[in-house]
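# Residue-level structure breakdown
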Amino acid sequence: MPNIVLFSGSSHHDLSQRVADRLGLELGKVVTKKFSNQETSVEIGESVRGEDVYIIQSGCGEINDNLMELLIMINACKIASSSRVTAVIPCFPYARQDKKDKKGSVERWSRAPISAKLVANMLSVAGADHIITMDLHASQIQGFFDIPVDNLYAEPAVLQWIKENIPEWRNCIIVSPDAGGAKRGKRFFLLLASLVKLLHLFCFALELPKLPFSVKAYGLFPLYLLAFRVTSIADRLNVEFALIHKERKKANEVDRMVLVGDVKDRVAILVDDMADTCGTICHAADKLMSAGATKVYAILTHGIFSGPALSRINNASFEAVVVTNTIPQEEKMKHCPKIQFIDISMILAEAIRRTHNGESVSYLFSHVPL
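Residues numbered from 1 in each chain as written. Predicted model: local features only at pLDDT ≥ 70, side-chain atom pairs only at ≥ 80, totals over all residues. Heavy atoms only, no water.

## Remarks on the nonpolar core
Counting 47 residues, the largest nonpolar core has Leu-6, Val-19, Ile-162, Ile-174, Ile-269 and Ile-352 as the members making the most contacts within it. In terms of residue count, the dominant contributor to this core is helix H13 (residues 345-356) (six residues). Excluding anything up to four places from it in sequence, Ile-352 contacts Ile-4, Leu-6, Val-19, Leu-23, Tyr-54, Val-88 and Ile-132. Within the second largest apolar cluster, 31 residues are counted, among which are Leu-67, Ala-87, Ile-89 and Phe-145. (Core = buried A, V, L, I, M, F, W, Y, C linked by side-chain atoms within 4.5 Å. Buried < 20%, exposed > 50% of the residue type's maximum accessible area, 1.4 Å probe, protein only. Helix = DSSP H or I, 4+ residues; strand = E, 2+ residues; numbered from the N terminus. Contact = heavy atoms within 4.5 Å.)

And the structure:
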């Protein structure tokens, strides 16, 4: 492809090389290093004047250093007269800090940062003209930008993996391990419990038939509405879905879980966008096995796996924990044989090709490139 240059940051060189191979390109020459005071230095080793530049850098590893490196690379290409700079960020950094989180005392709520918005501002100010990312933790992050953002989905690749690697997939049930978060679930529960009570009273007063649901059962129904990722995969596989409502005492620590759905004598497939310390999915796996599931798989887009994650997975009752390679997994797979990965480099490569040629990328929302 003419007038295109592909650079790799230092966060995930293997993925960048896979994308380059798929496109039939050589990775651009760039040297990244640190001075003795730990400042990041970037040297672009070839001309980018008038070129369509793509920089692949995932939000993983030394996240702050890699983010700063990406910003410097964008700015270096921009002031070197490139025609367009696109940041390809498979795993968007700080995506979980997308709103003012109500932790701690009420007085602290108004002082909580929205760090994902700050990252968006920094990318724009550095000179990025376009962002390509995958499975944002919160879709509203796209609205933090004043430049085009293409949020790709791992779902087509996940569906393909399920059909090729789980023989009993027609007898499976897709499970969401976190139906929107405990705080939202509680607010919905209280609101709808009040509403259902009023509806029961209304039916009683007008001598209408009794409503076919209870306050307790209906209070959890909105959590189904929040599990869009799970229902989409379940619909495309033509199987049922379930969800787990979790309540946290504090970050990375689950207090209790409630399973909504029947998993008895079925293969349960947990689906989520990311897993960090893996407390949630490991508790969920135990919950599903105790509820009668025959096997439990976990399929995640971003496998962060920090802290005690690997030991938890090894001790949990998973058949396999499957992640995409938006984050490097080679070292983690050596210590945890249950981890497998789905290659999504072809999706990123096709998105780059279509963007460069001015084509639509919506095809990638439901198809894996051949």
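## So, the pairing of strand S13 (residues 320-324)
Extensive coverage of S13 is indicated by the burial of five of its five residues. Here strand S12 (residues 295-303) runs beside S13; their pairing, made up of four bridges, is parallel. By the bridge assignment for S13, Ile-299 is matched with Val-322. Sheet topology places S13 next to strand S14 (residues 339-342); four bridges connect them, and they run parallel. The residue of S14 that forms the bridge with Thr-324 is Ile-342. For the handedness criterion, the β-α-β arrangement of S13, helix H12 (residues 330-335) and S14 is classed as right-handed. (Pairing = 2+ DSSP bridges. Right-handed = clockwise from strand over helix to strand, strands pointing away.)

## Topic: the packing of helix H2 (residues 63-79) against helix H4 (residues 115-126)
Two elements in contact, H2 and H4, have axes separated by 8 Å at closest approach and are oriented at 25°. By the angle class used here, H2 and H4 are roughly parallel. Contacts between H2 and H4 involve Leu-67, Leu-70, Leu-71, Ile-74, Asn-75 and Lys-78 from the former and Val-119, Met-122, Leu-123 and Ala-126 from the latter. (Axes fitted to C-alpha atoms, helices over the stretch in contact; angles between N-to-C directions. Parallel < 35°, antiparallel > 145°, perpendicular 65-115°, else oblique.)

## What to know about the environment of Tyr-297
Mapped onto the secondary structure, Tyr-297 falls in strand S12. The exposure class of Tyr-297 is buried, given its relative accessible area of 6%. With 24 residues separating them along the chain, Tyr-297 and Val-321 place their C-alpha atoms 6.0 Å apart. Beyond its immediate sequence surroundings of up to four residues, Tyr-297 is in contact with Trp-161, Ile-166, Val-267, Ala-268, Ile-269, Leu-270, Phe-318, Glu-319 and Ala-320.

## Some words on the state of the cysteines
Scanning the model with the defined rule gives zero disulfides in all. The structure places no disulfide on Cys-60, whose sulfur is separated from the nearest cysteine sulfur, that of Cys-91, by 6.7 Å. Judged by relative accessible area, Cys-60 falls into the buried class, the value being 5%. Its sulfur unpaired, Cys-278 is 5.5 Å from the next cysteine sulfur, which belongs to Cys-282. You can call Cys-278 buried: its relative accessible area is 4%. (Disulfide = S-S within 2.5 Å.)

## Considerations on the packing of aromatic side chains
Counted according to the given criterion, the structure contains three aromatic pairs. Taking 5.4 Å as the distance between ring centres and 75° as the angle between the ring planes, the aromatic pair formed by Tyr-153 and Phe-365 counts as edge-to-face. One end of the pair, Tyr-153, is in the loop between strand S7 (149-152) and helix H5 (155-165); the other, Phe-365, is in the segment after H13, with 212 residues separating them in the sequence. Here Tyr-153 falls in the partly exposed class, since its relative accessible area comes to 33%. Look at Trp-161 and Tyr-297: their rings are 6.3 Å apart centre to centre, the planes differ by 70°, and that puts the pair in the edge-to-face class. (Phe/Tyr/Trp six-rings, centres within 6.5 Å; stacked < 30°, edge-to-face > 60°.)

## Topic: the pairing of strand S6 (residues 130-134)
By the criterion of burial, S6 is predominantly enclosed, with five of the five residues buried. Because side chains alternate across S6, one face comprises the buried residues His-130, Ile-132 and Met-134, and the other comprises Ile-131 and Thr-133, equally buried. As defined by bridge partners, strand S5 (residues 84-89) adjoins S6 across four bridges and the pair is classed as parallel. Bridge pairing in S6 places Ala-87 opposite Ile-131. With four bridges joining them, S6 and S7 adopt parallel strand pairing. Counterpart to Ile-132 in the pairing with S7 is Asp-150.

## Re the environment of Val-31
One can find Val-31 in strand S2 (residues 30-34). Val-31 sits 21 residues away from Ser-10 along the chain, and the two C-alpha atoms are 9.5 Å apart. Here Val-31 is in contact with Ser-41, Val-42 and Glu-43, once residues within four sequence places are set aside.

## Here we look at H13
Residues spaced three or four apart along an α-helix face the same direction, because each turn holds 3.6 residues. With 12 residues, H13 extends 16 Å between its outermost C-alpha atoms, agreeing within 8% with the 16 Å of an ideal straight helix rising 1.5 Å per residue. Counting buried positions along H13 gives 11 out of 12 residues, so the element sits mostly inside the fold. All of the buried residues along H13 are Ser-345, Met-346, Ile-347, Leu-348, Ala-349, Glu-350, Ala-351, Ile-352, Arg-354, Thr-355 and His-356. Gly-358 lies just past H13 and shows a positive phi near 75°. (Expected span 1.5 Å × (residues − 1).)

## Structural notes on H4
In this model, H4 (12 residues) spans 16 Å end to end at C-alpha, consistent with the 16 Å of a helix rising 1.5 Å per residue. Along H4, the residues classified as buried are Ser-115, Ala-116, Val-119, Ala-120, Leu-123 and Ala-126. Looking down the long axis of H4, one finds its buried residues gathered within 150° of arc, a one-sided arrangement. In this structure, the buried residues of H4 make contact with H2, S5 and S6. (Arc of directions from axis to C-beta.)

## Quick notes on unusual backbone geometry
For Gln-38, which is not glycine, the phi torsion reads 75° and is therefore positive. Note that Gln-38 resides in the loop between S2 and strand S3 (40-44). The backbone of Ser-81 sits at a positive phi, close to 70°, despite the residue not being glycine. If you trace the backbone, Ser-81 turns up in the loop between H2 and S5. Note on Ser-81: relative accessible area 34%, which makes it partly exposed.

By themselves, these observations are geometric and do not establish any function.
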